[in-house]
Amino acid sequence: MENCIHGVTIPLIQRHRQENIAYIDRPLKVLNGHQGEITAKQFLGHVKQLAKILPEHKYAINLCSNRYLFMVSLCAAIVRKQTSLLPPNKNTVTHKALHKRYGNSYIIHDGTLGKELPQLDLSTLSLLGSDDFEMPMIAANHLAVISFTSGSTGDSQPIEKTWGTLTASTEINRRYMVPNKIDTFYQLATVPGQHMWGLETSILLALMANVCVVDSKPLFPKDIKTLLAVLPSPKILVSTPVHLRALVASSMDFSSIDRVLCATAPLDQRLAQQTESCFSSRLREIYGCSEVGSIAFRATAHHEMWNCFDDIRFTMKADEEVIVSAEHIFNATKLQDKITMLGEKQFRLEGRASDMINIAGKRGSLHEINQVLQVFPGLLDGIVFFPAQNRTVPRLVALVVLKPRVSKQDLLGYLRSRLDITFVPRPIFLLSSLQREDNGKLPRQYLMDLYDDLIRKEKK
């Protein structure tokens, strides 16, 4: 890694002092009621002021829900040569486990936490900033962030990122995610900064590219519509398939934007086309993994194939494993997904290797089965998965949220007309909602616990 050798330093941010780096949606008490744009100079002043008062610890568990305060505290920790831990969920048990695992740690938050652990509450502070624009230089090999995998396929695993790795990957992402280098793009994201997709797009791009990010994280279609309407142009929406489905289903008249970026789960072509129509925009879907980050893109509404980023190398092994490598990452990584290469830089995604199932001698793919489910017109949310079962012939299980006046029989008829009978899920459980993580994923442990609870209730 050329940019991470000993002695190399990299600027904390790569923005001009008067460029807008963030947009405060509502008056923020911590900033003395400031609302509207924040310049790079103001941001740097807030970072330096906070850095001076951070506790003397090695690790900062960043739980800030306000995106701007998350960004300020992340950078303040870097200036203090601390490492930010980005938990995969909001569970107190997870935070306590992180504190125990990384002993010399504290929690930094903005008023959304109890009093059990060492902490700094930003909501009690007043960040005034300064006129000093002297740029902090950060060691490229400084361990800036430890993020964690989502746990959608098992236990959450730590992923270490140096400052050199983050800056190099962000420059690559800028080329593929931001339409040009001239305009400042106002970006609204529905995913939090703690997750890799949110970190890459709504935090790091604002630090190092021509992006001004909105500090709030709206969830409901009406809130997103309102915010997009008041933001200056050009605009970018960063989201997930779950959020986009809700926006399209709302039938609201959204203002046109310049680009929609989507990631965290494969997006079906029909939803991609509906999204482009909804926002009068082009959608770009991004593919990646926690270990490497974003590595490929596609115009999902128009093409099935993925295009690798130029700086990313794919190596196909004899056993069909795919190894991803790049100059800016320490170790080559084995993809957990199964892909079919269609040339040196293009591929088709076949689903996770762990998605391959065998029921009664018939092989299938959970990825393909879920793609069939996701295009059912009466679906609001849902998943098909393969729990451990004490049965001679195990079965797939579906957990679904259906639109009003849509029945389980409607869904069964649809699935039977499109799937081999072996892969039609039995049972199908109707739910009022699924508790997805903020990145749109459903951790496997949550699915197993929910399934066990539903089975117990069914037996009573």
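That block above? That's the structure.
Since we're looking at a predicted model, the values are computed, not measured.

Before we move on, could you go through the overall build of the protein and cite the residues and values that matter?
Scanning the protein from terminus to terminus reveals 11 helices and 27 strands. Relative to the compact-globule value of 23 Å for 460 residues, the protein shows a C-alpha radius of gyration of 22 Å, a close match. In terms of overall dimensions, the protein has a C-alpha envelope of 70 × 50 × 45 Å along the principal axes. Here the protein holds 460 residues, and the buried ones make up 55% of them. Put simply, 63% of the contacts in the protein that link residues at least 6 apart link residues at least 24 apart.

Could you give an account of unusual backbone geometry, with specific residues and numbers?
Along the chain, Ser233 connects to Pro234 via a cis peptide bond; the corresponding omega equals 0°. A cis amide bond, omega 10°, links Arg426 with the succeeding residue Pro427. Phi angles above zero are rare outside glycine, and Ser251 is one such case at about 60°. On the secondary structure map, Ser251 appears in the loop between α7 (241-249) and β14 (259-262). Phi is positive for Thr264, which is not a glycine, with a value near 95°. Structurally, Thr264 can be placed in the loop between β14 and α8 (269-279). Given a relative accessible area of 22%, Thr264 falls into the partly exposed group.

How would you explain the nonpolar core if you had to name every residue and give the values?
In this structure, Phe43, Leu50, Tyr68, Trp163, Leu207 and Phe314 are the most contacted members of the largest nonpolar core, which totals 86 residues. Broken down by element, this core gets its largest block of residues, 10 residues, from helix α2 (residues 67-79). Apart from the residues within four sequence positions on either side, Phe314 is in contact with Ile295, Cys308, Val322, Ile323, Val324, Leu335, Ile339, Met341 and Phe347.

Run through the packing of α2 against helix α5 (residues 196-208), naming residues and quoting values.
Where α2 meets α5, the axes come as close as 11 Å, and the angle between the chain directions of the two elements is 65°. Judged by the sense of rotation from one axis to the other, the crossing of α2 with α5 is right-handed. For the pair α2 and α5, contact is made by Arg67, Phe70, Met71, Leu74 and Cys75 and by Leu199, Ser202, Ile203, Ala206 and Leu207, respectively. In terms of residue class, the contact of α2 with α5 is made up of eight nonpolar, one polar and one charged.

Any details on the environment of Pro27? Residues and values, ideally.
As for its position among the elements, Pro27 is in strand β2 (residues 20-28). Looking at Pro27, the relative accessible area reads 53%, which means it is exposed. Sequence-distant contacts of Pro27, that is, excluding residues within four places in its chain, are made with Gly33, His34 and Gln35.

I'd like a rundown of the packing of aromatic side chains, residues and numbers included.
Each aromatic ring pair is specified by the distance between its two centres and by the angle formed by the two planes. The final tally for this structure, using the stated rule, is 14 aromatic pairs. Ring plane angle 65° and centroid distance 5.0 Å describe the contact between Tyr59 and Tyr102, whose orientation is recorded as edge-to-face. Taken as a pair, Tyr59 in strand β4 (residues 59-62) and Tyr102 in the loop between α3 (92-101) and β6 (105-109) lie far apart in primary sequence, 43 residues in all. Across the pair, exposure class does not vary: Tyr59 and Tyr102 are buried alike. What links up through ring pairs into an aromatic cluster is the set Tyr287, Trp306, Phe314 and Phe347.

Give me the lowdown on the side chain of Asn89, citing residues and values where you can.
Following the sequence through the fold, Asn89 ends up in the loop between β5 (83-86) and α3. On the accessibility criterion, Asn89 (16% relative accessible area) is buried. Excluding residues that lie within four positions of it along the chain, Asn89 makes contacts with Thr94, His95 and Glu437.

Please give an account of the pattern of salt bridges that cites residues and values.
All chains considered together, the criterion is met by 15 salt bridges. A salt bridge links Arg26 to Asp25; the shortest N-O distance between them is 3.9 Å. Given the relative accessible area of 61%, Arg26 is considered exposed. In this structure, Glu321 and Lys334 form a salt bridge, with 3.4 Å as the shortest nitrogen-oxygen distance.

Cut-off values and rules
Residues numbered from 1 in each chain as written. Predicted model: local features only at pLDDT ≥ 70, side-chain atom pairs only at ≥ 80, totals over all residues. Heavy atoms only, no water. Helix = DSSP H or I, 4+ residues; strand = E, 2+ residues; numbered from the N terminus. Rg over C-alpha atoms; globule rule 2.2 N^0.38 Å. Buried < 20%, exposed > 50% of the residue type's maximum accessible area, 1.4 Å probe, protein only. Contact = heavy atoms within 4.5 Å. Core = buried A, V, L, I, M, F, W, Y, C linked by side-chain atoms within 4.5 Å. Axes fitted to C-alpha atoms, helices over the stretch in contact; angles between N-to-C directions. Left-handed = near helix turned anticlockwise from the far one by under 90°. Nonpolar A, V, L, I, M, F, W, Y, C, P; charged D, E, K, R; others polar. Phe/Tyr/Trp six-rings, centres within 6.5 Å; stacked < 30°, edge-to-face > 60°. Salt bridge = Lys/Arg side-chain N within 4 Å of Asp/Glu carboxyl O.

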